[in-house]
Amino acid sequence: MTHQEWVAQCIELALDNAKQGQAPFAALVVQDGHLVGTGVNDVKATQDVAGHAEIRALQAAAKYMGTRRLAGCVLYTSCEPCPMCLGAIYWSGITQVYYGLSVAEQAAFDELPAFQYAELCRVAHERRVQMVQATPDNIDPRRPFNHAYSAGA
Ligand SMILES: [Zn+2]
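Residues numbered from 1 in each chain as written. Predicted model: local features only at pLDDT ≥ 70, side-chain atom pairs only at ≥ 80, totals over all residues.

**As for the sheet that holds strand 2 (residues 34–40)**
Point 1. Spatially, 2-1-3-4 is the arrangement adopted by the four strands of the open sheet, whose pairing is mixed. With partners counted over all chains shown, the strands left at the sheet margins are strand 2 and strand 4 (96–101), one partner each. Averaged over neighbouring strand pairs, the angle between their axes works out to 15 degrees when direction is ignored.
Point 2. Examined bridge by bridge, strand 1 (residues 26–31) and strand 3 (residues 74–79) share four bridges and lie antiparallel to one another. (Pairing = 2+ DSSP bridges. Helix = DSSP H or I, 4+ residues; strand = E, 2+ residues; numbered from the N terminus. Axes fitted to C-alpha atoms, helices over the stretch in contact; angles between N-to-C directions.)

Laid out in structure tokens, this is it:
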């Protein structure tokens, strides 16, 4: 199948998901031309804000392949991934994504992903979400990392 055909399949799945009352997103993970993971947005059904189609497709692919490392796979999605899903794509090792609708085009329906990308370009103190480092005086926040990354851990 061509990249456009995989994206077309995502768009059809997204339409089916919308017809079932869910958000209009779907994604597929493909390895060497074979489907290894399918995901649709289930945020409304699960009340899980992380229930985006790309996240669900990555989870399905990781379960199917027995590894979270999906380097070499391709992610197809009905809509350009939001920053959360892009982060998950980076964690997975996937380096190729093909999408149908762009974030800019999606903004006609929902401006939040475009807003989130703009937020990421701002310095931390100018973002809507306040983030403050609050290091305790008597506990080194590196302790869990020192343990996790020490030899033999
Ligand atoms: Zn997303």
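Additional details are given in the paragraphs that follow.
**Quick word on unusual backbone geometry**
Point 1. One non-glycine residue, Asp32, lies in the positive phi region at around 50 degrees.
Point 2. For Asp32, the position within the fold is in the loop between strand 1 and strand 2.
Point 3. Classification of Asp32 by C-beta neighbours within 10 Å gives exposed; the count is 8.
Point 4. The phi torsion at Gln47 lies on the positive side, around 55 degrees, for a residue other than glycine.
Point 5. Within the element layout of this structure, Gln47 appears in the loop between helix 2 (43–46) and helix 3 (53–65).
Point 6. C-beta crowding within 10 Å serves as the criterion here: with 8 such atoms nearby, Gln47 is assigned to the exposed category. (Buried ≥ 20, exposed ≤ 12 C-beta atoms within 10 Å, placed from the backbone.)

Function cannot be inferred from these measures alone, as they are strictly geometric.
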